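The primary structure of each chain is shown beneath.
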Amino acid sequence: MSEPLSETRLFVRPLPPDVRDQELRDFFTPIGEITDLVIARGYAFVEFANADQAKQAVAELHQKDFIDGPINLEFAKAKKLRNRLLVSNMPEGSSWQDLKDFAAEKGFTVVYSNVFQRENDGTGVLDLETEDEMVRALEELNGQDFRGAAIGLERDPNPPTMRANREGGFRGGRGGFGGDRFGDRGFGGRDAFWNEILGAYLMENYA
């Protein structure tokens, strides 16, 4: 069974490796409002405010010339929901590895874990593989001992998109990565390796 497609998000390729955010916005904005734009190596994801605008973009811009030649537009896979928990009351010195191990040792599949070191307030996030696991974690792990403290867990009502992640951490599963800061053009320079990993993740999960 094929995965569901987004009604508003388009997969755009091929693109020059040095294409800029504004160049794509200038190309697509005449169709309608762009609510999200993610650029990777050789391709991008463009999301419109509504389905009609996305359909119009495919109808009018597919195979149109853009910089070096014609580009292909198709609807991307629908975004996968994050099963994210907000974590609180972790003791000083806790790491993402501690948080990951805490959940994994109790039988949970950890997709991503992070401790907000900059805030230094004992908070972080924990992403689990399924919604059922998230619900079970709220029941079984909330208030449990974590390195001498009663850990707090609550469901994140509005988890950010992948691009908005700004802290380093652990991301498991195929094509996973633990990242640092990256912008519209992805990682660059000495971090080119991570750009490839990000590209692989995007291709697998959204293209």
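The rules behind each value
- Residues numbered from 1 in each chain as written.
- Predicted model: local features only at pLDDT ≥ 70, side-chain atom pairs only at ≥ 80, totals over all residues.
- Heavy atoms only, no water.
- UniProt positions renumbered as here; feature names shortened; annotations may be inferred.
- Helix = DSSP H or I, 4+ residues; strand = E, 2+ residues; numbered from the N terminus.
- Buried < 20%, exposed > 50% of the residue type's maximum accessible area, 1.4 Å probe, protein only.
- Contact = heavy atoms within 4.5 Å.
- Areas by Shrake-Rupley, 256 points an atom, 1.4 Å probe, with all protein chains shown as cover.
- Phe/Tyr/Trp six-rings, centres within 6.5 Å; stacked < 30°, edge-to-face > 60°.
- Salt bridge = Lys/Arg side-chain N within 4 Å of Asp/Glu carboxyl O.
- Polar contact = N/O pair within 3.5 Å; in protein donor to acceptor, adjacent residues only side chain to side chain.
- Arc of directions from axis to C-beta.

The protein is annotated in an unreviewed UniProt entry as Nucleolar protein 3 from Cyberlindnera fabianii. Per UniProt, the protein has the following entry under Subcellular location (unreviewed entry): "Nucleus".

(A) Broad picture of the overall build of the protein. When its secondary structure is counted, the protein shows 5 helices and 13 strands. Per-residue burial over the protein gives 44% buried out of 207 residues. Relative to all contacts within the protein whose residues are 6 or more apart in sequence, the contacts with residues 24 or more apart total 65%. Of the accessible surface of the protein, which amounts to about 11000 Å², a share of 47% is contributed by carbon and sulfur atoms.

(B) Structural detail: the packing of aromatic side chains. Taken as a whole, this structure holds 7 aromatic pairs when the rule is applied. Here the aromatic rings of Phe11 and Tyr43 are separated by 5.5 Å at their centres, their planes lie at 65°, and the arrangement is edge-to-face. Placement of the pair is Phe11 in strand β1 (residues 5-13) and Tyr43 in strand β3 (residues 43-48), with a sequence separation of 32 residues. This pair shows no difference in class: Phe11 is buried, exactly as Tyr43 is. Aromatic pair Phe28 and Phe48: ring centres 6.1 Å apart, planes at 70°, arrangement edge-to-face. Of this pair, Phe28 sits in helix α1 (residues 21-28) while Phe48 sits in strand β3, and the two are 20 residues apart along the sequence. Overall, Phe48 belongs to the buried group, its relative accessible area being 1%.

(C) The pattern of salt bridges, seen in detail. Within the structure shown, the criterion is met by 9 salt bridges. Residues Arg9 and Glu47 are paired through a salt bridge, measuring 2.9 Å at the closest nitrogen-oxygen approach. Note that Arg9 is positioned in strand β1 and Glu47 in strand β3, a separation of 38 residues in sequence. The pair Arg9 / Glu47 is uniform in exposure class, with both members buried. Among the salt bridges present, the one from Asp127 reaches Arg82, with a minimum N-O distance of 3.3 Å.

(D) Just the side chain of Arg84, in detail. By the secondary structure assignment, Arg84 is in strand β7 (residues 83-88). Separated by 2.7 Å, the side chains of Arg84 and Asp127 make a polar contact.

(E) Examining the environment of Thr29 more closely. Within the element layout of this structure, Thr29 appears in the loop between α1 and β2 (34-40). A C-alpha to C-alpha distance of 9.1 Å links Thr29 and Phe48, two positions 19 residues apart in sequence. Looking at Thr29, its side chain comes within polar contact range of the main-chain oxygen of Arg25, at 2.5 Å.

(F) Fine view of α1. Along α1, the residues that are buried comprise Asp21, Leu24, Phe27 and Phe28. Along the long axis of α1, the arc covered by the buried residues comes to 135°, so they all point the same way.

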